[in-house]
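Close look at the chain arrangement
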2 protein chains.
Amino acid sequence: MNSIITSSQNNLIKETIKLKQKKYRLKENAFLVEGFHLVEEAHVSGVLKQVFYLENNPFTDINAFQVTETVMKKLSDLTSPPGIIGVCLILEKTTLTDKILLMDNVQDPGNIGTLIRSAVAFGFKTVLAENSVDFYNEKVIRSSQGAIFKLSLINANLTDFIKENQDYLYLATDLNAERSLSELSINNKNKIALILGNEGQGVSETILTLVKTRIKIKMEDMESLNVAVAGSIIMYDINRRSEK
Amino acid sequence: MNSIITSSQNNLIKETIKLKQKKYRLKENAFLVEGFHLVEEAHVSGVLKQVFYLENNPFTDINAFQVTETVMKKLSDLTSPPGIIGVCLILEKTTLTDKILLMDNVQDPGNIGTLIRSAVAFGFKTVLAENSVDFYNEKVIRSSQGAIFKLSLINANLTDFIKENQDYLYLATDLNAERSLSELSINNKNKIALILGNEGQGVSETILTLVKTRIKIKMEDMESLNVAVAGSIIMYDINRRSEK
């Protein structure tokens, strides 16, 4: 039977707490997920390496450590700590799907998590990012609702990527675009890459110059939409049309 | 020339700070907006009653008070307080547009603000809410990006509203619906009411039993979408199709 870890000064706990910082996540190739639902998704995906729990550990095939509430609070990012926290491995995936999402300087973790959730829902199962919030940030993971385990997440130089992968039809959102989403014609043969930009500035000029097709979403009486909403609408619409 | 208010104990400041709480907003029929962009939108909409500013006040026709940084920090909800804060009147609007959005127990202020932004963009210019976060919550206002000034916001008992307004085609989102959004047929004659529910539980059973048409958004490999994303996709799609 395991003994309970009661001190936050325990070496394993100290090392695990470090995973709250991006640089340690990169160094250790690991990240934390909180709560039964996400830990279970990690387990199903085969990336769950370790768990810390208060009372019950349903994952008996995983290296598990019982901890006190005080220790759980230190491990957690939440004001009400969960009953279980998992350490997950970051697996490098490089496979590119036929529909991909590119994020250029997206800064809000809630937006990135929501976009990852929508990307999985609409078949954009590769997400590439540059200058954006870390995929494994705790708020990104929470708002992705487990979707991070269902697609390839890649950090990349988008300029290089676009230049090297010219078999995709690149669509960049641009509030000044002449063409609206509903005027865009796509067919089932197109490999599609949707590019979304920063919440305030949109897609950068550097990227826009590389892209022929710029689209906007037709709106009444509003200048712009939330980036997660805009991206999700476009992914929904492309998915809907490519099914026909 | 105005003198500068230097103390948070000043009566006007004390009264204004109270507007950060919902009960005082309801009592005074007023709310706060932060930053030049939102204050300007309020001014254009004719609801700006008073401003508090640090150095410059561009709204010379409005009752204005210069304050110190310390006072501004007390008035503000942000970690970096803005240069200007406006007090706005809550105007009761009861006009119903042909496309309306109903929110049943939506709890995240970011979701409500984002939905209000999308509602304005897609012509759903009346939003009714029950058991949801206050429309004039500072986070709702921020994420609405000024959209709150461009539509009617109404607190209502949704059950009564639906019973009394049977000229609308009510659409409720339901993960177990048989029909998907793309299978839904709508025409230009329909007055449409979209009903969205709580982030975790969806639309309540009480409301669902009143509604004939339940729809879901077709997804791959994901159980649900963020409610602001789902609502925005449906509003986009209805707007797109009713234009044809």
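Refer to the preceding data block for the structure.
Presented here is an overview of the structure given in this document. What you see is a predicted model, and the numbers here were worked out from it, not measured in a lab. The residue count restarts for each chain, going from 1 along the sequence in the order it is written. Throughout, the order in which chains and ligands are written sets their labels, letters from A for the former and numbers from 1 for the latter. pLDDT decides what is reported in this predicted model: residues at 70 or higher carry local features, side-chain atom pairs at 80 or more are listed and counted, and totals for whole chains, interfaces and linings draw on all residues regardless. Side-chain measures were taken over the full set of non-hydrogen atoms in the model, leaving aside hydrogen atoms and water.

What follows covers the overall build of chain A. The helix and strand inventory of chain A stands at 9 helices and 11 strands. Counting only C-alpha atoms and orienting by the principal axes, one finds that chain A spans roughly 65 × 30 × 30 Å. For chain A, the proportion of its 244 residues judged to be buried stands at 54%. What makes two residues a contact is simply this: any of their non-hydrogen atoms within 4.5 Å. Relative to all contacts within chain A whose residues are 6 or more apart in sequence, the contacts with residues 24 or more apart total 75%. A total of about 11,400 Å² of accessible surface is found on chain A, and carbon and sulfur atoms cover 45% of it. The helix count covers DSSP runs of H or I at least four residues long, the strand count covers runs of E at least two residues long, and both are numbered beginning at the N terminus. When accessible area is computed with a 1.4 Å probe and restricted to protein chains, residues below 20% of their type maximum are described as buried, those above 50% as exposed, and intermediate ones as partly exposed. With residues, only the protein chains shown are counted as cover, and all accessible areas are computed by Shrake-Rupley using a 1.4 Å probe.

This brings us to the packing of aromatic side chains. Pairing of aromatic rings covers Phe, Tyr and Trp, the last through its six-membered ring, and needs centres within 6.5 Å; plane angles under 30 degrees mean stacked, over 60 mean edge-to-face, and all others mean tilted. Summed over all chains, the structure comprises 14 aromatic pairs over all chains. Their ring planes at 25° and their centres at 5.6 Å tell us that F52 of chain B and F65 of chain B sit as a pair that is stacked. On the criterion of sequence distance, the pair formed by F52 of chain B in strand β3 (residues 48-53) and F65 of chain B in strand β4 (residues 63-67) is long-range, its members being 13 residues apart. Judged by its relative accessible area of 0%, F52 of chain B is buried. Ring geometry for F122 of chain B against Y236 of chain B: centres 5.6 Å apart, planes inclined by 70°, an arrangement best described as edge-to-face. Residue F122 of chain B is located in the loop between α5 (109-121) and β7 (126-130), and its partner Y236 of chain B is located in helix α9 (residues 227-242); the two are separated by 114 residues in the primary sequence. Classification of Y236 of chain B as buried rests on a relative accessible area of 4%. One residue, K191 of chain A, lies across the ring of Y168 of chain A, its end atom 4.6 Å from the ring centre. Whether a charge lies above a ring is judged from NZ of Lys or CZ of Arg, which has to be within 6 Å of the ring centre and within 35 degrees of the ring normal.

Each partner contributes residues to the interface: chain B has 32 residues there, and chain A has 32 residues. Area buried by chain B at its contact with chain A is led by R117, M222 and Y236 of chain B, which between them contribute 23% of it. Here a polar contact is taken to be a pair of N or O atoms separated by no more than 3.5 Å, where protein atoms must pair a possible hydrogen donor with a possible acceptor and residues adjacent in sequence count only if both atoms sit in side chains. The tally of links between chain B and chain A comes to 12 residue pairs in polar contact (both at pLDDT 80 or more). Elements represented by at least two residues in the side of chain B that touches chain A include exactly α5 and α9 of chain B. Values labelled buried area give the accessible surface lost by two parts on being combined, using a 1.4 Å probe and summing over both.

For the rest of this paragraph, the subject is the sheet that holds β4 of chain B. Residue and element names in this part refer to chain B. If DSSP finds at least two bridges between two strands, the strands pair. Reading across from one edge, β1-β4-β3-β5-β2 is the order of the 5 strands in this open sheet, with mixed pairing throughout. Strands at the two margins of the open sheet, each flanked by one partner only, are β1 (4-5) and β2 (30-34). Bridge analysis of β3 against β4 gives 4 bridges, and the strand direction is parallel. Residue V51 lies in a different strand from β4, and its bridge partner there is A64. Running at roughly 30° to strand β5 (residues 84-89), helix α3 (residues 36-44) makes contact with β2, β3 and β5 of the sheet. Note on method: axes are straight lines fitted to C-alpha atoms, helices fitted across the in-contact stretch only, with angles between N-to-C directions ranging 0 to 180 degrees.

For the match of chain B to chain A, the screw axis carries a shift of 0.0 Å, the RMSD comes to 0.0 Å, and the turn is 180°. Put plainly, the chains are arranged around a two-fold axis. Take the interface residues of chain B: 100% of them recur as interface residues in chain A, which is what a same-surface contact looks like. Superposition of the copies used a least-squares fit over C-alpha atoms from residues whose pLDDT is at least 70 in both.

Before going further, it helps to examine the environment of I100 of chain B. Residue and element names in this part refer to chain B. Among the secondary structure elements, I100 is positioned in strand β6 (residues 99-104). In this structure I100 comes out as buried when scored by relative accessible area, which is 0%. Sequence spacing of I100 and N187 is 87 residues, and the spatial spacing of their C-alpha atoms is 15 Å. When residues no more than four places from it in sequence are discounted, the contact partners of I100 are F124, T126, L128, F161, Y168, I192, A193 and L194.

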